Amino acid sequence: MELKPVGQRFILHWGEMGTRWGVNRTVAQIHALLYLAGVPLHAEEISETLSVARSNVSNSLKELQNWNLVKLVHVKGDRRDHFETLSDVWALFKIIVHERQQRELEPTIHTLRDCLASTDIAQEDSLTQAKIKETLEFMETLTWWGNEMLKLDPSTLVKLMKMGTGIQKILGKK
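Residues numbered from 1 in each chain as written. Predicted model: local features only at pLDDT ≥ 70, side-chain atom pairs only at ≥ 80, totals over all residues. Heavy atoms only, no water.

Caption draft 1: View of the overall build of the chain. Counting its secondary structure elements, the chain contains 8 helices and 3 strands. Rg of the C-alpha trace for the chain: 21 Å, well past the compact-globule value of 16 Å for 174 residues, more than 25% over. For the chain, the spread of C-alpha atoms along the three principal axes comes to 65 × 45 × 30 Å. Classification of the 174 residues of the chain by burial places 29% in the buried group. Taking the intrachain contacts of the chain between residues at least 6 apart in sequence as the baseline, contacts between residues at least 24 apart amount to 53%. (Helix = DSSP H or I, 4+ residues; strand = E, 2+ residues; numbered from the N terminus. Rg over C-alpha atoms; globule rule 2.2 N^0.38 Å. Buried < 20%, exposed > 50% of the residue type's maximum accessible area, 1.4 Å probe, protein only. Contact = heavy atoms within 4.5 Å.)

Caption draft 2: Region of interest: the side chain of His82. Positionally, His82 belongs in strand 3 (residues 78-84). Assessed through its relative accessible area of 5%, His82 is described here as buried. Within the structure, His82 has its side chain in polar contact with the side chain of Asp78 (distance 3.3 Å). If near-sequence neighbours (up to four positions away) are discounted, His82 is found in contact with Pro40, Leu41, His42, Lys71, Leu72, Val73 and Val75. (Polar contact = N/O pair within 3.5 Å; in protein donor to acceptor, adjacent residues only side chain to side chain.)

Caption draft 3: Region of the structure containing the packing of helix 2 (residues 25-37) against helix 3 (residues 43-50). Look at helix 2 against helix 3: their axes get within 11 Å of each other, and the N-to-C directions meet at 105°. One finds that helix 2 runs roughly perpendicular with respect to helix 3. Contact residues: helix 2 offers Gln29, Ile30, Leu33 and Leu34, while helix 3 offers Ile46, Thr49 and Leu50. Here the residues of the contact of helix 2 with helix 3 sort into 5 nonpolar, 2 polar and no charged. (Axes fitted to C-alpha atoms, helices over the stretch in contact; angles between N-to-C directions. Parallel < 35°, antiparallel > 145°, perpendicular 65-115°, else oblique. Nonpolar A, V, L, I, M, F, W, Y, C, P; charged D, E, K, R; others polar.)

Caption draft 4: Structural detail: helix 5 (residues 89-117). For helix 5, with 29 residues, the first-to-last C-alpha span of 40 Å sits near the 42 Å given by 1.5 Å per residue. The axis of helix 5 is deflected most strongly, by about 40°, at Gln101. Taken together, the buried positions of helix 5 are Leu92, Glu99, Gln101, Leu105, Ile109 and Leu112. Where helix 5 is buried, its residues contact helix 2, helix 4 (54-66) and helix 6 (126-150). Its side-chain oxygen placed 2.9 Å from the backbone nitrogen of Trp90, Asp88 serves as the N-cap of helix 5. (Expected span 1.5 Å × (residues − 1). Bend = angle between axes of the 7 residues up to and from the residue.)

Caption draft 5: Geometry of the side chain of Gln101. Checked against the element boundaries, Gln101 lands in helix 5. Given a relative accessible area of 4%, Gln101 falls into the buried group. Other than its neighbours up to four places away in sequence, Gln101 contacts Glu106, Pro107, Thr143, Gly146, Asn147 and Leu150.

Caption draft 6: Quick look at unusual backbone geometry. Within the chain, Ser51 stands out as a residue other than glycine whose phi angle is a positive 55°. If you trace the backbone, Ser51 turns up in the loop between helix 3 and helix 4. Ser51 sits in the exposed class, given a relative accessible area of 67%. Backbone geometry places Asn68, a non-glycine residue, at a positive phi of 60°. Residue position: Asn68 is located in the loop between helix 4 and strand 2 (71-75). Judged by its relative accessible area of 48%, Asn68 falls in the partly exposed class.

Written out as structure tokens, the structure reads:
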């Protein structure tokens, strides 16, 4: 696959952004390539297009599969494994939010609950106890809100997002 300048720029930038989000650069670039391609690609094609070692491509594809962002598909007449990602940016967004909740927020909530349930909590000063409780309440609310937002269809979510601070008017707040 030959990338044109804008496609190359998009993929390189997505790789840079991936590193800022805690994702390996190559993992993010492969996802961007599959997203732009819109058709299943085999590992050799990905490797050649991005000038990345085949072993790096294999490891990156496994990571993307673990995140449920890429799936293995078969192409008629070709024995090689091909890979594709969703073409709907909102569906991808929902998967990423869900996966991050499971990998980052849920373990934090679990730890905070354990801290508060521990018999050792009494040894902490009241400020520490209050901060842990406040953090837990925040994380639980954030997770609940995120789950509620994931239930919305994209058009409703876009309208809600475009409202911005206008939501305060609906709620009767200044």
